[in-house]
Amino acid sequence: MTIGTYWEVMKTFQQQLPVDVIGMAKAMGLKLSKTAEWENGLSGMIRREEDGNYRIIVNANHSLHRQRFTIAHELAHFILHKPLIGDELTDDALYRSGLSNGIEMEANDLAADILMPRAQVLRFTRNREMTSSVMAKEFNVSQSAMAIRLGVPSEQ
């Protein structure tokens, strides 16, 4: 697949909410797995396997919202930074992956775009009665992630 094809797959999956990030990853040819053996500070990683395929692994101990964001974040690395992915490219809360903060910020920005597409967010914000907590439920993201996306204080 080319980078343009990845963008088309992403746009297709963003048509329905909540965005099916697992289906999106599989459509891009990635494998997914979860592990309960990691410390809490490690959210996920993407790695190239011996057969040349890529696998996203997420921390099964984290909330569903956190797992969804982690999958989107690792998908973003795959789309934006594929040449940088070696046998392990880890993502954790303290950015101990060795990547620059700029690369992590790019992945976080695209992850937010994957889960909370701008066009869909705009459609919801046109309804003045729609709160960030209601929108968070519709997009299946945390209230804090939606508040950040909207640039408003969290309702938590």
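Note that this is a predicted model, so its numbers are computed, not measured.

### Digging into the overall build of the protein
Here comes step 1: The helix and strand tally for the protein stands at seven helices and four strands.
Here comes step 2: Along the protein, from the amino end to the carboxyl end, the secondary structure elements read α-α-β-β-β-α-β-α-α-α-α.
Here comes step 3: Put simply, the protein has 156 residues, and 46% of those count as buried.
Here comes step 4: Sequence separation of 24 or more characterises 56% of the internal contacts of the protein that already satisfy a separation of 6 or more.
Here comes step 5: Accessible surface for the protein amounts to roughly 8400 Å². Of this, 51% is attributable to carbon and sulfur atoms.

### Thoughts on helix α6 (residues 132-139)
Here comes step 1: Along α6, the residues classified as buried are S132, S133, M135, A136 and F139. The buried side chains of α6 occupy one side of the element, clustering within an arc of 160 degrees when seen end-on.
Here comes step 2: Of the residues trailing α6, N140 is marked for its positive phi of about 55 degrees.

### Thoughts on the packing of aromatic side chains
Here comes step 1: Scanning the model with the defined rule gives three aromatic pairs in all.
Here comes step 2: Connected via pairs of aromatic rings, a cluster forms that spans Y6, Y54 and F78.

### So, the packing of helix α1 (residues 3-13) against helix α3 (residues 64-81)
Here comes step 1: At a minimum axis separation of 9 Å, α1 and α3 run at an interaxial angle of 150 degrees. It follows from the interaxial angle that α1 and α3 lie roughly antiparallel. Facing I3, Y6, W7 and M10 of α1, the residues of α3 in contact are F78, I79 and L80.
Here comes step 2: Among the residues making up the contact of α1 with α3, the classes are represented as seven nonpolar, no polar and no charged.

The rules behind these values
- Residues numbered from 1 in each chain as written.
- Predicted model: local features only at pLDDT ≥ 70, side-chain atom pairs only at ≥ 80, totals over all residues.
- Heavy atoms only, no water.
- Helix = DSSP H or I, 4+ residues; strand = E, 2+ residues; numbered from the N terminus.
- Buried < 20%, exposed > 50% of the residue type's maximum accessible area, 1.4 Å probe, protein only.
- Contact = heavy atoms within 4.5 Å.
- Areas by Shrake-Rupley, 256 points an atom, 1.4 Å probe, with all protein chains shown as cover.
- Arc of directions from axis to C-beta.
- Phe/Tyr/Trp six-rings, centres within 6.5 Å; stacked < 30°, edge-to-face > 60°.
- Axes fitted to C-alpha atoms, helices over the stretch in contact; angles between N-to-C directions.
- Parallel < 35°, antiparallel > 145°, perpendicular 65-115°, else oblique.
- Nonpolar A, V, L, I, M, F, W, Y, C, P; charged D, E, K, R; others polar.

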